[in-house]
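Reading the structure
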Amino acid sequence: MTAETVDTATDGPGGRLREQRGWYFYDFACSVYSTSVLTVFLGPYLTSVAKAAADADGFVHPLGVPVRAGSLFAYSVSASVVLAVVLMPLAGAWADRTGRKKPLLAVAAYTGAAATAGMFFLGGERYALGALLLIVANASLSVSMVLYNAYLPQLAEPAERDAVSSRGWAFGYTSGALVLVLDLVLYSGHESFGLSESEAVRICLATAGLWWGAFTLIPLRRLRDRRVRGDGTGAVGSGWRQLAATLKDMRRHPLTLSFLLAYLVYNDGIQTVISQASVYGSEELGLDQTTLIVAVLLVQVLAVAGALGMGRLARAHGAKRTILGSLAVWTLILVAGFFLPAASPGWFFALAAAIGLVLGGSQALSRSLFSHLVPRGKEAAYFSAYEMSDRGLSWLGPLFFGLAYQLTGSYRDAIVSLAVFFGVGFVLLARVPVARAVAAAGNPAPDRI
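Residues numbered from 1 in each chain as written. Predicted model: local features only at pLDDT ≥ 70, side-chain atom pairs only at ≥ 80, totals over all residues. Heavy atoms only, no water.

Turning our eyes to something else, we now look at the packing of helix H10 (residues 254-284) against helix H12 (residues 319-338). At their nearest, the axes of H10 and H12 sit 12 Å apart, and the two run at 35 degrees to each other. The element H10 and its partner H12 pack so that their crossing is left-handed. Where H10 abuts H12, its residues Tyr266, Ile270, Val273 and Tyr280 lie against Ile323, Leu327, Trp330, Leu334, Gly337 and Phe338. Looking at the contact of H10 with H12 residue by residue, the classes come out as nine nonpolar, one polar and no charged. (Axes fitted to C-alpha atoms, helices over the stretch in contact; angles between N-to-C directions. Helix = DSSP H or I, 4+ residues; strand = E, 2+ residues; numbered from the N terminus. Left-handed = near helix turned anticlockwise from the far one by under 90°. Contact = heavy atoms within 4.5 Å. Nonpolar A, V, L, I, M, F, W, Y, C, P; charged D, E, K, R; others polar.)

Okay, here's the thing in structure tokens:
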């Protein structure tokens, strides 16, 4: 049984505010990986490394398996998710049983940061090393986010969670924008710095890892572990049993489970768009790396405003309605992306702007909405299941994207196929009565949800 968190008398408004500010900084630390590495540089660069190592038919052979070079990045993302699925239940169970989330957060964060920094060595034809480092870094990020998200119900009152979650995403997009500006300066002026294009890209990859590691120190200093009842015996070994128990417990909260199913579907689409956008831009639309950096920078800047703006919309209209509106916009974005003309940076920037306005808010509000559906004392276990929906089960989209390209040779066919994730997710979320779900979880509901 999951140990119950023991509230302490020291949880006052001042202490809670200090902890919230520290919590924001993990988004500030790790979001640089998601933007600079996963969204901008690694996809096109790893694809180019794989193509350099490919045979005459355009295939590489990791572990003897023939893989089209253009699909390697998408398949590596899917493999990282499989590893995360194995690790996240262990982390969630250990954290709930011991109450010590910070040590695991530190291990996961610094493993991911080290793997990212190691991407500096991806020269020549080292596609296998690149795939391995991507798998380790992505899985580590997923594990760390289980623990990070599990703090939200402990450091924010129900009425303020939409705002706190949105601020966390805004911090992340702010750091992503700042680092992308520095990356743009380095990459576009690499010759003046005496660097080759490859060296500039590898420096951008490695510095994202250093940034991740450096700013993780702030949340590790400010976040507090809560004591739990029980001694935590067998926490690690019972990870999968704990996940099974959590899923069984969710059967007593079917509305929470219904929300998770909806989130699993539409978030799979979001994560795939994020991870494959640069590959689509470079390989299908023929856009150069500078254009891609500027486009993602535009996403980061507008995502800050979008996250905060959608947080205000949620206060007025409820989180569920706001998320549903964002899913409709996501569908229109993918349809527009299919018809986007090649070698047209202006249209690509317009699409990036639309993505930025809905990206942060749809993710932030989903996180805060789920926090209302978690029974008290089971935060890490439930957020482990949530994170498996967020990252751990988001393997279908990248796999489907990679297979579509491998079978058709067209990234346009691959990108438009993702619209089904948003359509199905919209229908499933619309069917969830969230006010009843909050009450069924035993939590007080805010005025609008």
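Next comes the rest of the description.
We now examine the environment of Leu134. Mapped onto the elements of the fold, Leu134 is located in helix H4 (residues 127-150). Assessed through its relative accessible area of 0%, Leu134 is described here as buried. In the structure, Leu134 is positioned 57 residues away from Val77 in sequence and 7.3 Å away in space, judged by C-alpha atoms. When neighbours within four sequence positions are excluded, Leu134 is seen to be in contact with Tyr33, Leu38, Leu42, Leu46, Phe73, Ser76, Val77, Ser80 and Met119. (Buried < 20%, exposed > 50% of the residue type's maximum accessible area, 1.4 Å probe, protein only.)

Once that is clear, we can look at the side chain of Ser71. Along the chain, Ser71 turns up in the loop between strand E2 (67-68) and helix H2 (72-98). Setting aside residues no more than four positions away along its own chain, Ser71 makes contact with Gly402, Tyr405 and Gln406.

This paragraph deals with the packing of H10 against helix H15 (residues 396-408). Where H10 contacts H15, the axes come no closer than 8 Å and their chain directions differ by 55 degrees. Here H10 lies oblique to H15, going by the angle between them. Judged by the twist between their axes, the crossing of H10 over H15 is right-handed. Contacts between H10 and H15 involve Asp268, Thr272 and Gln276 on the former and, on the latter, Leu396, Gly397, Pro398 and Phe401. Classifying every residue of the contact of H10 with H15 by side-chain character gives three nonpolar, three polar and one charged. (Parallel < 35°, antiparallel > 145°, perpendicular 65-115°, else oblique.)

Inspection of every chain in the model, using the stated rule, returns zero disulfides. A disulfide-free cysteine, Cys30 has its sulfur positioned 19 Å from the sulfur of Cys204, the nearest such atom. In this structure Cys30 comes out as buried when scored by relative accessible area, which is 2%. (Disulfide = S-S within 2.5 Å.)

Here Arg226 shows up in the loop between helix H8 (217-222) and helix H9 (239-250). On the accessibility criterion, Arg226 (6% relative accessible area) is buried. The spacing of Arg226 and Gly402 is 176 residues in sequence and 43 Å in space, taken between C-alpha atoms.

Taken together, the side chains of Phe120, Phe121, Leu129 and Leu132 define a hydrophobic patch exposed on the protein surface, amounting to about 360 Å² of accessible area. Tracing the chain through its elements places Leu132 in helix H4. (Patch = residues over 30% accessible without salt bridge, like charges linked within 9 Å, V, L, I, M, F, W, Y side chains within 5 Å. Areas by Shrake-Rupley, 256 points an atom, 1.4 Å probe, with all protein chains shown as cover. Salt bridge = Lys/Arg side-chain N within 4 Å of Asp/Glu carboxyl O.)

Taken as a whole, the second largest pocket holds about 270 Å³ of empty space. Considering the residues around the second largest pocket, the lining is formed by 13 residues, among which Pro62, Leu63, Leu72, Ser76 and Ala131 are closest to the centre. For the lining of the second largest pocket, the elements supplying multiple residues, two or more each, are H2 and H4. With five residues, H4 is the single largest residue contributor to the lining of the second largest pocket. Along the lines of polarity and charge, the residues of the lining of the second largest pocket split into twelve nonpolar, one polar and no charged. (1 Å grid on protein atoms, 1.4 Å probe; cavity = no way out; pocket = protein on both sides within 12 Å on 5 of 7 lines; lining within 4 Å. Points joined across faces, edges and corners; volume = space filled by probe spheres on them.)

Most of the time, phi is negative for any residue but glycine, and the peptide bond is trans. Here Leu63, not a glycine, exhibits a phi torsion of approximately 55 degrees, which is positive. On the secondary structure map, Leu63 appears in the loop between strand E1 (59-60) and E2. The exposed category is assigned to Leu63, whose relative accessible area is 89%.

With 13 residues, H15 should cover 18 Å at 1.5 Å per step; its first-to-last C-alpha distance of 18 Å lies within 8% of that length. Turning to H15, its buried residues are Gly397, Pro398, Phe401, Gly402, Ala404 and Tyr405. Relative to the axis of H15, the buried residues are bounded by an arc of 160 degrees and lie together on one face. The elements touched by buried residues of H15 are E2, H2, H10, helix H16 (411-416) and helix H17 (419-430). (Expected span 1.5 Å × (residues − 1). Arc of directions from axis to C-beta.)

Counting across every chain of the model gives six salt bridges. Note that Arg367 is salt-bridged to Asp27, the shortest N-O span being 3.7 Å. Of this pair, Arg367 sits in helix H13 (residues 345-371) while Asp27 sits in helix H1 (residues 13-53), placing them 340 residues apart in sequence. Taking relative accessible area as the criterion, Arg367 reaches 1% and is therefore assigned buried. For Arg412, the salt bridge identified is with Glu284, shortest N-O distance 3.3 Å. In this pair, Arg412 is assigned in helix H16 and Glu284 in helix H10, connecting sequence segments 128 residues apart. Residue Arg412 is classed as buried on the basis of its relative accessible area of 19%. Overall, the relative accessible area of 21% leaves Glu284 in the partly exposed class.

Honestly, that's just the spatial picture; any functional story needs more than this.
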